[in-house]
Amino acid sequence: MMAYRDEKLHEEKVFKDPVHRYVHVRDRVIWDLVGTKEFQRLRRIKQLGTSNLTFHGAEHSRFNHSLGVYEIVRRILINFADRPNWNKEERLLCMCAALLHDLGHGPFSHSFEKVFKLDHEDYTKQIILGNTEVNQVLLRVGPDFPQKVADVINKTYKDKLVVSLISSQIDADRMDYLQRDAYFTGVSYGHFDMERILRVMRPYEDQVVVKESGMHAVEDYIMSRYQMYWQVYFHPVTRSAEVILTKILHRVKALYEEGYQFKMEPTHFISFFEEKVSLEDYIRLDEAVVYYYFQMWADEEDSVLKDLAYRFINRKLFKYVEFNPNLQMKEWMELYQLFHKIGLDPDYYLVVDSSSDLPYDFYRPGEEEERLPIHLLMPNRELKELSRQSDIVEAISGKRRTDHKLYYPRDTILKLSDDRPEKKRIFELLYQ
Amino acid sequence: MLDNHAKLVKVIASSAGIVGRKKLQKIIYIMKKLGYPFEEKYTFHFYGPYSEELSLRMEELTNLGFVSEVKEKKSNYYQYRYQVTEQGEDFLTHSPVKIPEVDEIVSNMKERSSRFLELVATMLYFDDLSKEEVEAKVQEVKKKSNYTIEDMQEAWRFIHELKH
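Just so it is clear, the structure is predicted and the values come from calculations on it, not from any experiment.

Go over the nonpolar core with me, naming the residues and quoting the values.
If you look at the biggest cluster of nonpolar residues, it comprises 194 residues, and the most contacted ones within it are Leu100, Val149, Tyr221, Phe269 and Trp297 of chain A together with Met31 of chain B. Taken domain by domain, this core gets at least three of its residues from each of domain 1 (4-233) and domain 2 (236-357 + 403-431) of chain A. Here Met31 of chain B is in contact with Val11, Tyr36, Phe38, Val102, Ile105, Val106 and Met109 of chain B, once residues within four sequence places are set aside. Of all hydrophobic cores here, the second largest spans five residues; its members include Tyr229, Trp230 and Phe234 of chain A together with Leu56 of chain B.

Explain the sheet that holds strand β7 (residues 375-377) of chain A residue by residue, including any values.
Residues and elements named next belong to chain A. Ordered in space as β3-β4-β7-β8, the four strands form an open sheet in which the pairing is mixed. The open sheet has two free edges, formed respectively by β3 (201-204) and β8 (383-385), since each of these has just one partner strand. On average, adjacent strands in this sheet sit at an angle of 45° to one another, irrespective of strand direction. By the bridge criterion, two bridges tie strand β4 (residues 207-211) to β7 in an arrangement that is parallel. Bridged to Val210 within β7 is Leu376. Across the sheet, helix α3 (residues 62-80) is in contact with β3 and β4; its angle to β3 comes to roughly 70°.

Please provide a residue-by-residue account of the packing of aromatic side chains, values included.
All names here are of chain A. For the structure on display, the rule yields 41 aromatic pairs over all chains. Measuring from centroid to centroid gives 5.8 Å for Tyr292 and Tyr293, while their planes differ by 75°, and the two rings are edge-to-face. Judged by its relative accessible area of 3%, Tyr293 falls in the buried class. It is Arg43 that lies over the ring of Phe63; its NZ or CZ is 3.9 Å from the centre.

Now, about the side chain of Arg21 of chain B: what can you tell me, with residues and values included?
All names here are of chain B. By the element assignment, Arg21 lies in helix α2 (residues 21-33). Note on Arg21: relative accessible area 13%, which makes it buried. A polar side-chain atom of Arg21 sits 3.0 Å from a polar atom in the side chain of Glu69. Engagement of the side chain of Arg21 in a polar contact is seen with the side chain of Tyr82, the distance being 3.1 Å.

Residues and numbers for unusual backbone geometry, please.
All names here are of chain A. Positive phi outside glycine occurs at Phe108, with the angle close to 45°. Locating Phe108 in the fold gives a position in the loop between α4 (91-100) and α5 (109-116). Assessed through its relative accessible area of 4%, Phe108 is described here as buried. Unusually for a residue other than glycine, Glu275 sits at a positive phi of about 55°. Given the relative accessible area of 40%, Glu275 is considered partly exposed.

Any chance you could break down the domain arrangement of chain A for me, citing the residues and the numbers?
All names here are of chain A. Domain boundaries in chain A define domain 1 (4-233) and domain 2 (236-357 + 403-431). Centre-to-centre, using C-alpha coordinates, domain 1 lies 33 Å away from domain 2. Each partner contributes residues to the interface: domain 1 has 29 residues there, and domain 2 has 28 residues. In this assembly, domain 1 packs against domain 2 so that about 2800 Å² is buried in total across both faces, 64% of it on carbon and sulfur atoms. At the surface where domain 1 touches domain 2, the tally comes to two salt bridges. Two residues, Lys46 and Glu287, come together in a salt bridge whose shortest N-O distance is 2.8 Å.

Rules used in this analysis
- Residues numbered from 1 in each chain as written.
- Chains lettered and ligands numbered in written order.
- Predicted model: local features only at pLDDT ≥ 70, side-chain atom pairs only at ≥ 80, totals over all residues.
- Heavy atoms only, no water.
- Core = buried A, V, L, I, M, F, W, Y, C linked by side-chain atoms within 4.5 Å.
- Buried < 20%, exposed > 50% of the residue type's maximum accessible area, 1.4 Å probe, protein only.
- Domains from an automatic or database assignment.
- Contact = heavy atoms within 4.5 Å.
- Pairing = 2+ DSSP bridges.
- Helix = DSSP H or I, 4+ residues; strand = E, 2+ residues; numbered from the N terminus.
- Axes fitted to C-alpha atoms, helices over the stretch in contact; angles between N-to-C directions.
- Phe/Tyr/Trp six-rings, centres within 6.5 Å; stacked < 30°, edge-to-face > 60°.
- Lys NZ or Arg CZ within 6 Å of the ring centre and 35° of its normal.
- Polar contact = N/O pair within 3.5 Å; in protein donor to acceptor, adjacent residues only side chain to side chain.
- Buried area = accessible area lost by both parts, 1.4 Å probe.
- Salt bridge = Lys/Arg side-chain N within 4 Å of Asp/Glu carboxyl O.

Here it is in structure tokens:
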């Protein structure tokens, strides 16, 4: 009888996919993993969190993306199959790690992680190693297989080549999300010739490198990453929604800690407030549950929670101005006092958001061995770092733009009587 | 405002500057593991725990003029020297952020090589494993670094010293 790890489906299954056309599944293990409740949960977690409030098409889920990453890795491995340096035995491990790499993401995970001190990577590991359906499937492959999958995702697996397929500066994860996010947001950047990149990728000792002849396709990928960063991921309106979401979570946690009586007990959140979140609690909190509570909180007595939840649900977002915390420190301090005077708690309504507050990054050539850069494989088998060969990449990976924005509820301040001197002064300070 | 930035400025100010991006990365990680209230998210990279968020925050601090970054040429590579500027000192005086005393621990780590701090950070990354498992894991994930048994013993001693 064929070992479970080698078992093939009688007929290939395909998922229709708008980015890769089809996602092909032939391995029984992959098919079984897709059917687990922990993987199906990813359908209820949006890939881009609050971006749909800016780009209405961005409703795609972590489920779509995870299948996409799996499909890219599957295609890379077809190319790698008979090449030197590649160990064919790692095929199933790579595909499982690709499929499951985002398993621990929760709803709006960036904000949740910041407020409740969580780490989605920890939960990915716990789901893979804990008492779950995913773990049961992986255990059937071998007793140490769940740990191997967790190690690959955690980047601590002994074979770095396997790790770099899933996470490096040009990995399957990024190649999928750039294209998928571009497709669903409807923007015209984010496209690059992935087929070409996949054809020129080579396993080389412990990393994936790109043949020098494919440099222009990689340049296109780096440009697309750069543009998506500023145009989509870092869009100021999305950041506004994220600011409000974060403040809702801070407020509700603060209220819980001071013994506030909620109209409806926030059962699903209590372990989050107490920072003792069990795996079970974590898995059952999806976006539908979060939205349900937000609707409830929009009817609460607490005016701050009520207002913020209403804003988030109905897209009544904060406005913003560019802000330089060095040059405008005095203005900030004055604004802080003025907000108190008009009855708006500045800790919730006057918020500085910085570029480092988001989980996306640019290409970095990697000085002082910080992070492995993209290497080109030259015809003489030497490796050259991408930005040393490409003027375009060098230009956009040098000194980078960072920014800070000040978010505030313009609508509320506009409603103040024109007789109030604070109103005039606030606008003077914001728009001077 | 910018509380997480202020904590970093405080660390750099405490020791009259830090030389080396890698060293800074590992110092903050080790302090975080020891319970200091840093919020930068770290993941495991080729060279041990690394935080993209910290790298970006340092760029913000240099772009804002709170921290100066000087690129220095070494024999076969460049390294970066970080120091707090006058404006950075001023920023700290306005920041309400509280952080426990850091001078001693930072100067203790500053004297060590970045290679050694990389080992210590990696060992702390696997602190859910037993001592033997940690050592085996370090040899597995950092094969190329060729850490010796003596290096690891020294790292364990150093971790013990930091914790007590």
